[in-house]
Amino acid sequence: MIPLLIVCTSLPSMFAAGCAAWLALKDRKQWVWFGGLAVLAGFAGLVTLNLMHIWLYAGRC
């Protein structure tokens, strides 16, 4: 269950990073925005995990 929660909260970050990589490969300028969104989504995922106190459950498994 814990790995699923981690994947679900980091999925938006992984998607935005993938979009940034694809746009950078196609040599388009929008990749900077998707890179910024990936960083922002990563921080949001960490905040979500912290709000859910997932670190408390990690020691009990």
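Residues numbered from 1 in each chain as written. Predicted model: local features only at pLDDT ≥ 70, side-chain atom pairs only at ≥ 80, totals over all residues. Heavy atoms only, no water.

Draft legend 1. Representation of the overall build of the protein. What the protein contains, in helices and strands, is three helices and zero strands. From first element to last, N terminus to C terminus, the protein shows the α and β order α-α-α. A burial count over the protein gives 20% of its 61 residues as buried. As presented, the protein carries roughly 4,900 Å² of accessible surface, and 76% of it is formed by carbon and sulfur atoms. (Helix = DSSP H or I, 4+ residues; strand = E, 2+ residues; numbered from the N terminus. Buried < 20%, exposed > 50% of the residue type's maximum accessible area, 1.4 Å probe, protein only. Areas by Shrake-Rupley, 256 points an atom, 1.4 Å probe, with all protein chains shown as cover.)

Draft legend 2. A look at helix 2 (residues 31-51). For helix 2, with 21 residues, the first-to-last C-alpha span of 30 Å sits near the 30 Å given by 1.5 Å per residue. Within helix 2, the full set of buried residues consists of Ala38, Ala41, Gly45 and Leu49. One side of helix 2 holds all its buried residues, which, seen down the axis, span an arc of 70°. Turned more than 90 degrees from where helix 2 packs its buried face, Val32, Trp33, Leu40, Phe43, Leu46 and Leu51 sit exposed. Histidine 53 occupies a position one or two residues after helix 2 and carries a positive phi of about 55°. (Expected span 1.5 Å × (residues − 1). Arc of directions from axis to C-beta.)

Draft legend 3. Local environment of unusual backbone geometry. Phi at aspartate 27 takes a positive value of approximately 60°, unusual for a residue other than glycine. With respect to the helices and strands, the residue aspartate 27 is situated in the loop between helix 1 (2-25) and helix 2.

Draft legend 4. Structural context of the environment of alanine 21. Along the polypeptide, alanine 21 turns up in helix 1. Given the relative accessible area of 49%, alanine 21 is considered partly exposed. Considering only alpha carbons, one finds alanine 21 and phenylalanine 34, 13 residues apart in sequence, at a separation of 8.7 Å.

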